[in-house]
Amino acid sequence: MGIDSKVMYYDKPANKWTEALPLGNGKLGAMVYGGVEKEKLALNLDELWSGYPNDSYNERAYPAFLKARELTLAGKLHEAQEVLQADFNYRFSQAYMPLGDLNLEFLHKDENVTDYSRTLDLERAVLDTKYVADGVRFTRTHFASYPKNALIIKISADKSGCVSLNASMSSPLKSISYIENDLVILDGECPKDSSPNYDDKSYPEYSDNPSEQGIAFRGVLKVINCGGSVKSEGDTICVRDADSVVLVFIADSSFNGYDKHPRLESKEYKEPLYKRIKELASLDFDKALDEHTSDFSSLFNRSELDLGTDNKESVPTDKRIIDFADGVSDLGLYTLLYNFGKYMLISGSRVGSQPLNLQGIWNDLIDPPWNANYTVNINTEMNYYAVLMCALPELHLPLIEMIKELSVAGEKTAKEYYNAPGFVVHHNVDLWRHTKPVPGHAQWAFWPMGSGWLCRHLYDHYFYTNDIEFLKDTAYPIMKKAAVFYLNMLIEDENGELVFAPSTSPEHSFWYNGKLCPISKTSSMTMTIIKELFLNVIKSGNILNTDAEFISELQSVVPKLQGLKIGDNGVILEWNEPREENEIDHRHLSHMYALHPAGFIHPLYTPELAEAAKKTLERRGDEGPGWSLVWKINLWVRLWDGNRGLKLLNMLLRPVERLDFKGKFCGGVYPNLFDCHPPFQIDANFGVICSITEMLMQSEEGVIFLLPALPDKWQNGSVKGLIAKGNIRADIEWRNGSLYKYQLHGDTKNLKVYYKGAIINQ
């Protein structure tokens, strides 16, 4: 595989945000436009969110839940819905905020420019903008360094004394920019609340009262020139006639933890920033670049994919996307999409950062779609599907840290809303670890299953790494606490089965007594998540040889849990009994949780359920938003239908901004390969890594399936460095559509290896 499969290339600057290219080091994010006369870098800091801790008590919540459960069990579903929507809620989650823009003005004109290129090297995480202006070749090299926790840019020319620019910063938030000690300083603060909580009030709103003020932040820009002169004019640094210029940007905030007020209990950040920028003032650019690329590529190259090439790598990426939609074969585009997803994972989630939200660390709006929060009824989890199988367990740690915090914050919610022990998380989470139900329609607001789904990541982290200390010290205590909550919430129905009532299936509804209703006695997703959690706690308790009495209780409960049901039409029921769906083609596939991610449905072990799952997917249809397309790809791949998965993967690669395509479908990609919901939402960029990986390898305890869903069109290729459950490293190669060779590394004793449904290693 050539290096070009790891490079995105464009022959013109970006005109808008969805054409710009992303950089990130987990903490800092930047979208680089690549302009010639005027350049903009849209900047983000991972901990800039609106609001502050606010855990007001809802005394109506628990009585409302009891009433809703009583009404639900009596078949009065609409009445239960009304009670939940009126009294069982809190407030919307807060919103992820942009930091602002780094604005650069160069003293040459667009019309004088030739030989323009804009490239993003995904393996090295280095973005280059190059062009010739007035006979001088200019190069701008950008990277977001994790070791230095800084955004670093070098502007150079092939002739001395030719680099002249003006640098300034601005922000859409309440802020002020000024020059101090030859530094460009941007001081600002986040709004006191998010837009949905304001109704008709003006937004954003700020306060002079410290107890009502949001997170404060500072961005600092240092200009390091080689030759020429530097002076300041107002809030702008002006460089004239330099041989080269290095720009170093760092930022920090007053955020001091999810449970601490960002003003009254703030962390000190201004003086530490001064200290850091002073140290960076003597930066050796080449050394910093080498340090950065070594750090990044060491993660990126743990796994490697080669699907072949149709030699389109020299074509600009935006044009490749359009050509692909017109039927031009481009095998390398699949690899590029895969590599871009890995690049974004490493850029957006590092040890010490916040986990990836709906937009990762890339957002330019003060009122972003869905608050750019953590939506934990699929989207947040999808962001992290691929980290373990791609040998990147460190990238999982920000999510695990958030789950730890949620397991504490969610205790109050469990007690207040359900009078139950343990902890619970509803469908929206933010920086302040919001765990309560939000206002609005019960079909999305009432969903107390987030804690269960998130706990899957804890067990998977152990399952892939074999880290017994992690299981003992982190995963098991949190999983047990979640299991305690669900165990206390179970109630016996008229058939003697245990259910969680009332329940919903995100974010869907059905027709009931002539009106739409989301509330049911229980749902397939609800019961599958509970079963999965209980089984994982049982396995963990047995591994650790602990809590025998509690484990025994769970073992006695599991057989009584209501299981999946198949309707007369052969499809898996979404709710506890047959219902007429509001939308047959609804974007969520919650009743398919048992197939993916849970793995309770399997074409080899449960063929009847697998056939029902296939019929369910056929009924749902192929179209959908980007993340929904990826969920469907994952589901078809788990059914070992790689050709159907590839069909949907091709749909995901549609150019959503092409005029003759615009508005005709949902999911696709923007010119910079960002996933389209629409609008931009990052989850499909990460979920598709899992899709492609599981076409080539799937695993469970003691079993590996090689090429289980290899599409016919992927005739030759290889993948290296994948991780199977049990911490087994796999390298696989295929030729002419068939397995050619494979190597496994790790403890392969008692391991079964399947290919085309048969064991091949015994």
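For the structure, check the block above.
Below is a short write-up of the structure. (Residues numbered from 1 in each chain as written. Predicted model: local features only at pLDDT ≥ 70, side-chain atom pairs only at ≥ 80, totals over all residues. Heavy atoms only, no water.)

Section: unusual backbone geometry
Thought 1: Looking along the chain, the bond that leaves His-677 and enters Pro-678 is cis, with omega of -5 degrees.
Thought 2: One can find Pro-678 in the loop between strand E26 (675–676) and helix H17 (683–696).
Thought 3: Pro-678 connects to Pro-679 through a cis peptide bond whose omega is -5 degrees.
Thought 4: In this fold, Pro-679 is placed in the loop between E26 and H17.
Thought 5: The phi angle at Asp-241 is positive, at roughly 60 degrees, despite the residue not being glycine.
Thought 6: Of note in the backbone geometry, Leu-673 takes a positive phi value of approximately 75 degrees without being a glycine. (Helix = DSSP H or I, 4+ residues; strand = E, 2+ residues; numbered from the N terminus.)

Some details on the pattern of salt bridges
Thought 1: Evaluation of the coordinates by the stated rule reveals 48 salt bridges.
Thought 2: The partner of Asp-55 in a salt bridge is Lys-412, with the nearest N and O atoms 3.8 Å apart. Within this pair, whereas Asp-55 is found in the loop between strand E4 (38–45) and helix H1 (61–73), its partner Lys-412 is found in helix H8 (residues 397–418), the two being separated by 357 residues in sequence.
Thought 3: For Arg-60, the salt bridge goes to Asp-87, with nearest N and O atoms at 2.9 Å. Of the two residues, Arg-60 is situated in the loop between E4 and H1 and Asp-87 in helix H2 (residues 77–87); the sequence distance between them amounts to 27 residues. (Salt bridge = Lys/Arg side-chain N within 4 Å of Asp/Glu carboxyl O.)

A few points about the packing of aromatic side chains
Thought 1: As enumerated under the stated definition, the model contains 32 aromatic pairs in all.
Thought 2: For the pair Phe-88 and Phe-446, a centre-to-centre distance of 5.5 Å together with 65 degrees between the ring planes defines the contact as edge-to-face. Of the two residues, Phe-88 sits in the loop between H2 and strand E5 (100–106) while Phe-446 sits in the loop between helix H9 (442–445) and helix H10 (450–465), which places them 358 residues apart along the sequence.
Thought 3: Here the aromatic cluster, defined as three or more aromatic residues joined through ring pairs, consists of Phe-65, Phe-88, Tyr-417, Tyr-418, Phe-446, Phe-485, Tyr-486 and Phe-500.
Thought 4: When the ring centre of Tyr-10 is taken as origin, the NZ or CZ atom of Arg-118, which lies over that ring, is 4.7 Å away.
Thought 5: Over the aromatic face of Tyr-146 sits the side chain of Arg-350, whose NZ or CZ is 3.9 Å from the ring centroid. (Phe/Tyr/Trp six-rings, centres within 6.5 Å; stacked < 30°, edge-to-face > 60°. Lys NZ or Arg CZ within 6 Å of the ring centre and 35° of its normal.)

A look at the packing of helix H14 (residues 607–620) against helix H15 (residues 626–638)
Thought 1: In the contact formed by H14 and H15, the axes pass within 10 Å of each other and the chain directions differ by 150 degrees. Classified by the interaxial angle, the pair formed by H14 and H15 is roughly antiparallel. Relative to H15, the crossing made by H14 is left-handed. For the pair H14 and H15, contact is made by Lys-614, Leu-617, Glu-618 and Arg-620 and by Lys-632, Leu-635 and Trp-636, respectively. (Axes fitted to C-alpha atoms, helices over the stretch in contact; angles between N-to-C directions. Parallel < 35°, antiparallel > 145°, perpendicular 65-115°, else oblique. Left-handed = near helix turned anticlockwise from the far one by under 90°. Contact = heavy atoms within 4.5 Å.)

Section: the packing of H10 against helix H11 (residues 468–489)
Thought 1: Packing of H10 against H11 brings their axes to within 9 Å, and their N-to-C directions diverge by 160 degrees. The orientation of H10 with respect to H11, classified from their angle, is roughly antiparallel. H10 and H11 meet at a crossing whose hand is left-handed. On H11, the residues that touch Gly-450, Ser-451, Gly-452, Cys-455, Leu-458, Tyr-459, His-461 and Tyr-462 of H10 are Ile-468, Phe-470, Leu-471, Ala-475, Ile-478, Met-479, Ala-482 and Tyr-486.
Thought 2: For the contact of H10 with H11, the class distribution of residues is 12 nonpolar, four polar and no charged. (Nonpolar A, V, L, I, M, F, W, Y, C, P; charged D, E, K, R; others polar.)

A few points about the sheet that holds strand E3 (residues 28–32)
Thought 1: As summarised here, the arrangement of the seven strands in space is E2-E3-E4-E5-E10-E15-E14, forming an open sheet in which the pairing is antiparallel. Sheet topology places strand E2 (21–24) and strand E14 (229–233) at the edges, where each strand pairs with a single neighbour. When the angles between neighbouring strand axes are averaged without regard to direction, this sheet yields 20 degrees.
Thought 2: Relative to strand E10 (residues 163–170), E5 runs antiparallel, the two being bridged by six bridges. Across the sheet, residue Asn-103 finds its bridge partner in E10, namely Ser-168. (Pairing = 2+ DSSP bridges.)

Regarding H10
Thought 1: Between the first and last C-alpha of H10 there are 23 Å, a value that for 16 residues agrees with the 22 Å anticipated at 1.5 Å per step.
Thought 2: Across the 16 residues that make up H10, a large majority, 15, are buried.
Thought 3: Of the residues flanking the end of H10, it is Asn-466, one or two places downstream, whose phi is positive at about 60 degrees. (Expected span 1.5 Å × (residues − 1). Buried < 20%, exposed > 50% of the residue type's maximum accessible area, 1.4 Å probe, protein only.)

Considering the pairing of strand E6 (residues 113–121)
Thought 1: Bridge count for strand E1 (residues 7–10) against E6 is four bridges, and the pairing is antiparallel. Paired with Tyr-10 across the strands is Arg-118, a residue of E6.
Thought 2: Pairing between E6 and strand E7 (residues 126–133): seven bridges, direction antiparallel. Bridge assignment links Ser-117 to a residue of E7, and that residue is Lys-130.

Focus: the sheet that holds strand E29 (residues 717–724)
Thought 1: If you walk across this open sheet you meet the four strands as E17-E29-E30-E31, and the pairing is antiparallel. Every other strand in the sheet has two partners, leaving strand E17 (304–306) and strand E31 (738–745) as the edge strands with one partner each. Direction aside, neighbouring strands of the sheet carry axes that sit 20 degrees apart on average.
Thought 2: Looking at chain direction, E29 and strand E30 (residues 728–735) are connected through six bridges and run antiparallel. Within E30, the residue paired with Ser-718 across the bridge is Glu-733.

Digging into the side chain of Ser-145
Thought 1: Inspection of the secondary structure puts Ser-145 in strand E8 (residues 136–145).
Thought 2: Given a relative accessible area of 0%, Ser-145 falls into the buried group.
Thought 3: A distance of 2.9 Å separates a polar side-chain atom of Ser-145 from the backbone nitrogen of Lys-148.
Thought 4: Leaving out residues up to four positions away in the same chain, Ser-145 has contacts with Asn-25, Ala-150, Ile-152 and His-292. (Polar contact = N/O pair within 3.5 Å; in protein donor to acceptor, adjacent residues only side chain to side chain.)

Remarks on the nonpolar core
Thought 1: Ranked by size, the top nonpolar core spans 235 residues in total, and within it Tyr-343, Tyr-418, Phe-534, Leu-649 and Trp-714 carry the most contacts.
Thought 2: Here the element with the most residues in this core is H11; it accounts for 13 residues.
Thought 3: In this structure Trp-714 touches Leu-307, Leu-331, Tyr-334, Leu-646, Leu-649, Ile-692, Met-695 and Trp-734, once residues within four positions along its chain are discounted.
Thought 4: Within the second largest apolar cluster, 19 residues are counted, among which are Ala-216, Ile-250, Tyr-269 and Ile-277. (Core = buried A, V, L, I, M, F, W, Y, C linked by side-chain atoms within 4.5 Å.)

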